[in-house]
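Examination of the molecular architecture
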Amino acid sequence: MGGILVLAGKDVGARTLRYLIGKEAPIEEVILGSADDTEVADAAKAAGIRHGTWSPATRERLLTASHRYEWILSLWNPHILKADILALADRRLNLHPGHMPALRGQDTAAWAIRRGLPAGVAILDMDAGVDTGGVYVQKQVPYEPLARGADLFARLKVEIGDLFEEHWPAIYAGDIHPVPQGPGGNSFTRRMTNEDRVVKADAQFTAGEFLIWARAHDFYPRSTAEIEFEGRRVKICIEIEDSDI
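Summary of the structure given here. Treat the numbers as computed from the prediction; the structure is a model and nothing was measured.

**As for the overall build of the protein**
For the protein, the count of helices and strands is eight helices and twelve strands. Taking 18 Å as the expected radius of gyration for a compact globule of 245 residues, we find that the protein reaches 20 Å, a close match to that expectation. The principal-axis extents of the C-alpha atoms in the protein amount to approximately 65 × 35 × 35 Å. For the protein, the proportion of its 245 residues judged to be buried stands at 48%. Pairs at least 24 apart in sequence give 63% of the contacts found in the protein among residues at least 6 apart. As presented, the protein carries roughly 12500 Å² of accessible surface, and 52% of it is formed by carbon and sulfur atoms.

**Some details on the pairing of strand 4 (residues 69-75)**
Counted residue by residue, strand 4 has seven buried out of seven residues, so it is predominantly covered. Examined bridge by bridge, strand 1 (residues 4-8) and strand 4 share five bridges and lie parallel to one another. Across the sheet, residue Ile4 finds its bridge partner in strand 4, namely Trp71. Judged from the five bridges that link them, strand 4 and strand 5 (residues 89-96) form a sheet pairing that is parallel.

**A few points about the layout of surface pockets**
Space inside the largest pocket adds up to approximately 1200 Å³. Looking at the lining of the largest pocket, the elements with two or more residues in it are helix 1 (10-22), strand 5, helix 5 (108-115), helix 6 (149-173), strand 9 (187-188) and helix 7 (190-197). In terms of residue count, the dominant contributor to the lining of the largest pocket is helix 7 (four residues). Its residues assigned to classes, the lining of the largest pocket shows 15 nonpolar, 20 polar and eleven charged.

**Focus: the sheet that holds strand 11 (residues 225-229)**
As summarised here, the arrangement of the three strands in space is 10-11-12, forming an open sheet in which the pairing is mixed. Two strands close off the open sheet at either side, each with one partner strand: strand 10 (198-200) and strand 12 (232-236). Mean inter-strand twist for the sheet, computed between neighbouring axes without regard to direction, equals 30°. Pairing geometry for strand 11 and strand 12, over five bridges, is antiparallel. Within strand 12, the residue paired with Ile227 across the bridge is Val234. Sheet contacts for helix 7: strand 10 and strand 11; angle to strand 10, the most-contacted strand, approximately 35°. Its contacts with the sheet put helix 8 (residues 207-216) on strand 10, strand 11 and strand 12, and the angle it makes with strand 11 is roughly 115°.

Rules and cut-offs
- Residues numbered from 1 in each chain as written.
- Predicted model: local features only at pLDDT ≥ 70, side-chain atom pairs only at ≥ 80, totals over all residues.
- Heavy atoms only, no water.
- Helix = DSSP H or I, 4+ residues; strand = E, 2+ residues; numbered from the N terminus.
- Rg over C-alpha atoms; globule rule 2.2 N^0.38 Å.
- Buried < 20%, exposed > 50% of the residue type's maximum accessible area, 1.4 Å probe, protein only.
- Contact = heavy atoms within 4.5 Å.
- Areas by Shrake-Rupley, 256 points an atom, 1.4 Å probe, with all protein chains shown as cover.
- Pairing = 2+ DSSP bridges.
- 1 Å grid on protein atoms, 1.4 Å probe; cavity = no way out; pocket = protein on both sides within 12 Å on 5 of 7 lines; lining within 4 Å.
- Points joined across faces, edges and corners; volume = space filled by probe spheres on them.
- Nonpolar A, V, L, I, M, F, W, Y, C, P; charged D, E, K, R; others polar.
- Axes fitted to C-alpha atoms, helices over the stretch in contact; angles between N-to-C directions.

Geometry only, nothing functional implied.
Dropping the structure here:
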């Protein structure tokens, strides 16, 4: 039986990859989410692990080789893996910054705040859907109703790393198995986020709804809530503090 194929991106991918290397996990290859993932590449290089960047050519190489792995680990990997790639491994795992089944898809921190949904992190099996696989483990993460989206997301990144390090040994040993997600739930896309975070000046909000909307989409400087006003589009960032009154 083969070892582990890791697809990793950004800081969470680098952290969890370094953890696996420290545990001497049998990693055969590391595939970076993008060429910008230098922290991931540096960790793989230091450990002498073959590594490269995800591309159509990489995908074709994996399929043509028909090599089987024991595990495919998607560690903050930004790419959706199709069924033919998933079929190369006996077991699969994905790190997701959302509580299942309430928050599938993208921009989960923003949508948790925007809709008042339970925030959390989950380690999922991977199937042909988007975040629809069974749940190995998950944890709910409390937050304030007026939390800033970027702040909640930063917490979720720490929590998912902690969750992985706590439970990976038992998952790898076969002591924890994925459990199907419950009925219902929600799925969010980047298109939904971008449509929700930009409104016209005459949009109807209560004061409370406006605060939640603006804070949920505050990922400044990367992105913010925006209002179209007299031919302009203006960014909205709101700082809040409790009043003495």
